[in-house]
Amino acid sequence: ARRTIQVRMLDTMRFSPEKINVKQGETIKFVIKNTGAMLHEFVIGTKKENEEHAALMVKFPNMEHSEPYMAHVPPGKTAQIIWTFNQPGEFEFACLIAGHYQAGMRGSIKVAASGKSAVAAVAPSAPIKAAAPAPAATQAPTPVKDTPPKAMATADMAEAEVRKIDLDAKKITLKHGPIKNLDMPSMTMVFQVRDTALLSNLAVGDKIMFTAEQLQGAMVMTRAEKQGGSK
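Residues numbered from 1 in each chain as written. Predicted model: local features only at pLDDT ≥ 70, side-chain atom pairs only at ≥ 80, totals over all residues. Heavy atoms only, no water.

A. Spatial organisation of the overall build of the protein chain. Scanning the protein chain for helices and strands turns up two helices and 16 strands. Taken across its 231 residues, the protein chain has 43% of its residues classed as buried. Long-range contacts, defined here as pairs at least 24 residues apart, represent 68% of the contacts in the protein chain between residues at least 6 apart. By element, 53% of the accessible surface of the protein chain is carried by carbon and sulfur atoms, the whole surface being about 11,700 Å². (Helix = DSSP H or I, 4+ residues; strand = E, 2+ residues; numbered from the N terminus. Buried < 20%, exposed > 50% of the residue type's maximum accessible area, 1.4 Å probe, protein only. Contact = heavy atoms within 4.5 Å. Areas by Shrake-Rupley, 256 points an atom, 1.4 Å probe, with all protein chains shown as cover.)

This is the structure:
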């Protein structure tokens, strides 16, 4: 990143600044400080995607995400996002915590076209991608494409890839496909587990089939089975 932009989160349900201008191809380091007394988020996306995600947060207010285009910032804390804007257009940054987005906690990002804008306009890629060594994440993460064994492809199980395991906190981060029983779309999210034995045979990179429920407001993984070929 050759440029750093400081962003403040306010309990008045506003960001400062509320408008950001960048150039296509520019990599920005966002330093996001929560100056308020409540938790806030900073999520980069299109207006449509943020609206859809905000509605999902109203339905599942205790969702804990793990995506490179978002930061959860507790009161008094600071977070960072390094981001490359690879296509021109109008985008948003917003706090999607239930009620915050609806109260107007959002800002605009205008990406000015470079000389390569004509090529970018016909590219099939998503509007924004992360500046990270991992495969670029988009605003609508795709479900894991590996086909699960037929014996495991039950109606109440979803497919996923293990991204992180935290035994001490009893949490697992999954990049998952749609979860039908929760009516939840594909995304990368943190799930709690009630028994760490559920995590004992799993490792980062494993492809799994799993079930999840919303228990006492939290997203809880209740069952997990490795797919064939997992390491």
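B. Representation of helix 1 (residues 47–59) within the structure. With 13 residues, helix 1 extends 19 Å from end C-alpha to end C-alpha; this agrees with the ideal 18 Å at 1.5 Å per step. All of the buried residues along helix 1 are Asn50, His53, Ala54, Leu56 and Met57. End-on, the buried residues of helix 1 take up no more than an arc of 160 degrees, which puts them together on one face. (Expected span 1.5 Å × (residues − 1). Arc of directions from axis to C-beta.)

C. Seen up close, the side chain of His40. Inspection of the secondary structure assignment puts His40 in strand 5 (residues 40–45). Since its relative accessible area comes to 0%, His40 is described here as buried. A polar contact is formed between the side chain of His40 and the side chain of Asp11, at a distance of 2.9 Å. The residues contacting His40, other than those within four sequence positions of it, are Met9, Leu10, Asp11, Met13, Asn34, Ala71, His72, Val73, Cys95, Ile97, His100 and Met105. (Polar contact = N/O pair within 3.5 Å; in protein donor to acceptor, adjacent residues only side chain to side chain.)

D. The arrangement of the pairing of strand 4 (residues 27–34) in detail. For strand 1 (residues 3–10) and strand 4, the ladder comprises seven bridges, and the chain directions are parallel. Its bridge partner being in strand 4, Thr4 is matched across the sheet by Lys29. Relative to strand 8 (residues 78–84), strand 4 is paired through seven bridges, and the arrangement is antiparallel. Across the sheet, the residue bridging to Ile32 is Ala79, located in strand 8. (Pairing = 2+ DSSP bridges.)

E. Representation of the nonpolar core in the model. Counting residues in hydrophobic clusters, the biggest one holds 55 residues, and the most contacted among them are Phe30, Phe42, Phe191, Phe210 and Met221. Those residues in contact with Phe191 that lie beyond four places of it in its chain are Lys170, Lys171, Ile172, Leu174, His176, Ile179, Phe210, Ala212, Met219, Val220 and Met221. (Core = buried A, V, L, I, M, F, W, Y, C linked by side-chain atoms within 4.5 Å.)

F. Fine view of the pattern of salt bridges. The tally for this structure, following the rule as stated, stands at eight salt bridges. Linking Glu52 and Lys48 is a salt bridge whose minimum nitrogen-to-oxygen distance equals 2.5 Å. Note that Glu52 and Lys48 are positioned in helix 1 at a spacing of four residues, about one turn of the helix. According to the relative accessible area criterion, Glu52 is partly exposed, its value standing at 46%. Here Lys48 falls in the exposed class, since its relative accessible area comes to 55%. Note that Glu225 is salt-bridged to Arg223, the shortest N-O span being 2.4 Å. Judged by its relative accessible area of 35%, Arg223 is partly exposed. In the salt-bridge network here, residues are joined through shared partners; they are Glu161, Arg163 and Lys207. (Salt bridge = Lys/Arg side-chain N within 4 Å of Asp/Glu carboxyl O.)

G. Structural context of the packing of aromatic side chains. Here the structure, examined in full by the defined rule, presents seven aromatic pairs. The rings of Phe15, Phe30, Phe42, Phe85 and Phe93 are connected pair by pair, giving a single aromatic cluster. The lysine or arginine in question, Arg106, covers the ring of Tyr101, its NZ or CZ lying 3.9 Å from the ring centre. (Phe/Tyr/Trp six-rings, centres within 6.5 Å; stacked < 30°, edge-to-face > 60°. Lys NZ or Arg CZ within 6 Å of the ring centre and 35° of its normal.)

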